[in-house]
Protein chains: 2
Amino acid sequence: MPYFDAASAAPLHPVARQALLAALDEGWADPARLYREGRRARMLLDAAREAAAEAVGCRPDELVFTPSGTRAVHAGVAGALAGRRRAGERLVVSAVEHSSVLHAGEAHAAAGGTVAEVPVGRSGAVDPEVFAEALDSRTALACLQSANHEVGTEQPVAEVAAACREAEVPLLVDAAQSLGWGPVPEGWSLLAASAHKWGGPAGVGLLAVRKGVRFAPQGPSDERESGRAPGFENLPAIVAAAASLRAVRAEAAAESARLRALVDRIRTRVPELVPDVEVVGDPLRRLPHLVTFSCLYVDGETLLAELDREGFSVSSGSSCTSSTLTPSHVLRAMGVLSEGNVRVSLPAGTTTEDVDRFLAVLPGVVASVRDRLGAPSAMFAPPEETSGTLVVDALGRRCPIPVIELAKVIGDVPVGATVTVLSDDEAARLDIPAWCEMRGQEYVGEEAWPKGGTAYLVRRVS
Amino acid sequence: MPYFDAASAAPLHPVARQALLAALDEGWADPARLYREGRRARMLLDAAREAAAEAVGCRPDELVFTPSGTRAVHAGVAGALAGRRRAGERLVVSAVEHSSVLHAGEAHAAAGGTVAEVPVGRSGAVDPEVFAEALDSRTALACLQSANHEVGTEQPVAEVAAACREAEVPLLVDAAQSLGWGPVPEGWSLLAASAHKWGGPAGVGLLAVRKGVRFAPQGPSDERESGRAPGFENLPAIVAAAASLRAVRAEAAAESARLRALVDRIRTRVPELVPDVEVVGDPLRRLPHLVTFSCLYVDGETLLAELDREGFSVSSGSSCTSSTLTPSHVLRAMGVLSEGNVRVSLPAGTTTEDVDRFLAVLPGVVASVRDRLGAPSAMFAPPEETSGTLVVDALGRRCPIPVIELAKVIGDVPVGATVTVLSDDEAARLDIPAWCEMRGQEYVGEEAWPKGGTAYLVRRVS
């Protein structure tokens, strides 16, 4: 049963499992104690720290283990901002950071700080020059992920790090998605990552802070982990995390080439096999194992459920799969279609057969979901003369219905005339412009609709 | 090789190990996902929460899992204080709480709040009436441990909970040391605990917050664990923690009776076998498996090292075993001797033979440490007339030397006359009065010594 959601969590690597079992026997005691069980635990902890530091490319005393990648980000952002309080109160982040970074930013804003979001292009990458312009004299910290968790696009970390050095602003790199594949380019000041993304166990993150970076840990103090991660060390899991990081790194070159080819296959074949699909993210500067596409006229939740029934576990950034019923902030920042969104992230060991079976199953699944929703399957009919402005009332209807209704009527709109879609669904704000882009129609704009919701204006140009 | 430091960390319970292995296979995926691996993880998480809630005595939706007991306390204190901000800014804690509670209090004070410490008696317990008096109209939260981690004394939780209810102040109970032995008495509002104290794995704490208790989680937000514990759930470890809690509870009645008898044996025999020993903590209202005693004229660090060489792993609250070179705040609050301090906490399965071997080894170890330090071994000689005030200069000498020097000269002091001990060691402030109490001499008081350090005045009365 192919599991295609490695970007959420990967199954435990066999090396991690072995290390975990050994460390459960040898590393359960308190590493702060001086008796033999404590000394043994301390040796395991020191060895794990050295192995992780080598993989990260830092000194062991620059690296602490945290209970998760999220906690590493929270502690890193809060500590770096507090350490640079005198420099300023401004935090600069890319618009497509992981929610842990954005939530740390919200907490900073709630405490009186300011947060500036650097936009991304349609591929999901920031422009280093635009990022550099956001670094003003009040900027205490900048955050940039190494690669995006939803669309796989690699960020220009080296260029942004150079700009940060120039501006004398420390850069925190969230390397959660990429650390298993290789080290982050030089120039970062802080780095955060998460073990269960590279085949380590849950319960372990890491935070590296370069010597010389001003850092003031926030929250109640604690002697463990250099005062940067309170609480008893999760030692067996830390040992397993370090062991699996070393193991996946040893396999990374070969495995990434293999998975990159499988992802290229998906990137090429999906638009050939399924009509009205947008593959998103940078086709070249990307994670080896991750590809995301969106299917017009499809409801993401139903699509995921159907794929699950066929044995495929994938995730989605569609609004209907989110508890808040808003599309993923990443897709929104990129300005790409969010309806029928599917993220495929291949774990190590995924076979060509797994991928081929997925490609065999997907077209039928998408077609059946579209059928059930009454989506337009053919190209629209030649335009006829109609009078007045066409208004499609999709108020109260959720994604992907507003776009489906738009697609149904566009054939009735004369070239040069407009159609208005009324919708109160958050996804429409992203998906109606994205549909126009895909279909070669002109998106004119939106305005508030007096009786509630929003009116989206589209001009037929072809 | 007997390990006698279960109060720091216990080896993994066999049931926990089994559950962990099973959950590594079944519970590695993200429980927030809707595909089959995610649903399976969610089921394991729900089942673990139900089992833990049953053992705690609360509803499953009142309980969240945290990365450690320390983080449970930090989150609980911060969330409860913020939730009651309008009621007031005062935090009331016992003087012998775990450092995680005291550190949370320090963070609260640093943010402008106030912290009141309720003193304890020589047994280590608070007086419920004194605790009640500390609860004023500005009190936002009170914290009381269920039992003390260093001396084993049980706190009068039910009485203090009643006083808190009367004062309409929520009570957070740190149940880290006792939860494996049984539920906390009714009346608490928040409860924190730590799995590796009950034979669960590291990396798991729990925080229960009763419905109706005002609670505002602090720090960056996150959707997981009801917004109270950010980051990917440490699921296999959570499953193992819940399984071992259930398992140790099933064994608790029998095992606690057995260990209680072994601890009674230590409490009785140590003072018979080793001269000049003070056994501390309540002899009856106490944890079943824990006993602490202090040995006059002994350096705790050397004592622990010698016991370790003999195969016994114990811990100590002596100043010389602390990174800050101050005696344990618990012993200090109790006003008992801190030098030569030994905490013995028996893990489940400790045998009578283990304990008897400890009792056989201890007297020789203590005697050898005392010999090396030149400690007075006999009762002092009959007093002779001396003129002037005797001054013992122990400046620059560390615990237990100042007390040893005092004991050496006390025989030269006429009954009714005084001796002054000069010391700049923090432990002397606790241990010189404690020595007087043990020896039946009068501790007169202390004053700053003009050339640095402190002068401690002792009157010979017997």
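Residues numbered from 1 in each chain as written. Chains lettered and ligands numbered in written order. Predicted model: local features only at pLDDT ≥ 70, side-chain atom pairs only at ≥ 80, totals over all residues.

### Brief notes about the overall build of chain A
Now for step 1: Counting its secondary structure elements, chain A contains 12 helices and 14 strands.
Now for step 2: Here the C-alpha atoms of chain A give a radius of gyration of 24 Å, agreeing with the 23 Å that 2.2 N^0.38 yields for 462 residues.
Now for step 3: With respect to the principal axes defined by its C-alpha atoms, chain A has extents near 90 × 50 × 35 Å.
Now for step 4: A total of 462 residues make up chain A; the buried ones form 56% of that total.
Now for step 5: Restricting the contact set of chain A to residue pairs at least 6 apart, pairs at least 24 apart contribute 72%. (Helix = DSSP H or I, 4+ residues; strand = E, 2+ residues; numbered from the N terminus. Rg over C-alpha atoms; globule rule 2.2 N^0.38 Å. Buried ≥ 20, exposed ≤ 12 C-beta atoms within 10 Å, placed from the backbone. Contact = placed C-beta atoms within 7 Å.)

### Quick notes on the pairing of strand β2 (residues 90-94) of chain A
Along a regular strand, successive side chains alternate from one face of the sheet to the other.
All names here are of chain A.
Now for step 1: The element β2 is largely enclosed, with a buried count of 5 among its 5 residues.
Now for step 2: In the sheet, β2 pairs with strand β3 (residues 114-118) via 5 bridges, with the strands oriented parallel. Within β3, the position partnered with L91 by the bridge is V115.
Now for step 3: As defined by bridge partners, β2 adjoins strand β4 (residues 139-145) across 4 bridges and the pair is classed as parallel. In the sheet register, R90 faces β4, and the bridge partner there is T139. (Pairing = 2+ DSSP bridges.)

### Describing the packing of helix α2 (residues 36-56) of chain A against helix α7 (residues 235-273) of chain A
Residues and elements named next belong to chain A.
Now for step 1: Two elements in contact, α2 and α7, have axes separated by 9 Å at closest approach and are oriented at 30 degrees. As α2 packs across α7, the resulting crossing turns out to be left-handed. Residues A41, L44, L45, A48, A51, A52 and A55 of α2 form the contact with α7, whose participating residues are L235, I238, V239, A242, L245, R246 and R249.
Now for step 2: When the residues that make up the contact of α2 with α7 are grouped by side-chain class, the tally is 12 nonpolar, no polar and 2 charged. (Axes fitted to C-alpha atoms, helices over the stretch in contact; angles between N-to-C directions. Left-handed = near helix turned anticlockwise from the far one by under 90°. Nonpolar A, V, L, I, M, F, W, Y, C, P; charged D, E, K, R; others polar.)

### What about the domain arrangement of chain A?
Residue and element names in this part refer to chain A.
Now for step 1: According to the domain assignment, chain A consists of domain 1 (14-248), domain 2 (257-373) and domain 3 (390-459).
Now for step 2: Domain 1 and domain 2 are separated by 29 Å when their C-alpha centres are compared.
Now for step 3: Taken together, the contacts link 19 residues of domain 1 with 19 residues of domain 2.
Now for step 4: Grouping the amino acids of the side of domain 1 that touches domain 2 by side-chain chemistry returns 9 nonpolar, 7 polar and 3 charged. (Domains from an automatic or database assignment.)

### Topic: the interface of chain B and chain A
Now for step 1: Each partner contributes to the interface: chain B provides 47 residues, whereas chain A provides 47 residues.
Now for step 2: Elements supplying a minimum of two residues to the side of chain B that touches chain A: α1 (14-26), α2 (36-56), α3 (69-83), α4 (99-110), α7 (235-273) and α8 (300-309) of chain B.
Now for step 3: The element best represented in the side of chain B that touches chain A is α4(B), accounting for 4 residues.
Now for step 4: Taken together, the residues that form the side of chain B that touches chain A break down as 21 nonpolar, 14 polar and 12 charged.

### Re the relation of the copies chain B and chain A
Now for step 1: By a simple turn and slide, chain B fits onto chain A: the slide is 0.0 Å along the axis, the RMSD is 0.1 Å, and the turn is 180 degrees. Given the turn and translation reported, the copies of this chain are related as if by a two-fold rotation axis.
Now for step 2: When you check the interface residues of chain B against chain A, 100% turn up at the interface there too, and the contact is symmetric in its surfaces. (Least-squares fit on C-alpha atoms with pLDDT ≥ 70 in both.)

### Points about the packing of helix α11 (residues 401-409) of chain A against helix α12 (residues 426-439) of chain A
Residue and element names in this part refer to chain A.
Now for step 1: In contact at an axis separation of 9 Å, α11 and α12 are set at 30 degrees when each is read in the N-to-C sense. By the angle between their axes, α11 is roughly parallel relative to α12. α11 and α12 meet at a crossing whose hand is right-handed. Contacts between α11 and α12 pair P402, V403 and L406 from the former with A428, D431, I432 and W435 from the latter. (Parallel < 35°, antiparallel > 145°, perpendicular 65-115°, else oblique.)

### Focus: the environment of A:I404
Residues and elements named next belong to chain A.
Now for step 1: Following the sequence through the fold, I404 ends up in helix α11.
Now for step 2: The exposure class of I404 is buried, given the 23 C-beta atoms found within 10 Å.
Now for step 3: As a C-alpha pair, I404 and P275 span 129 residues in sequence and 14 Å in three-dimensional space.
Now for step 4: Discounting residues that sit within four places of it in the chain, I404 has contacts with Y297, L373, G374 and A375.

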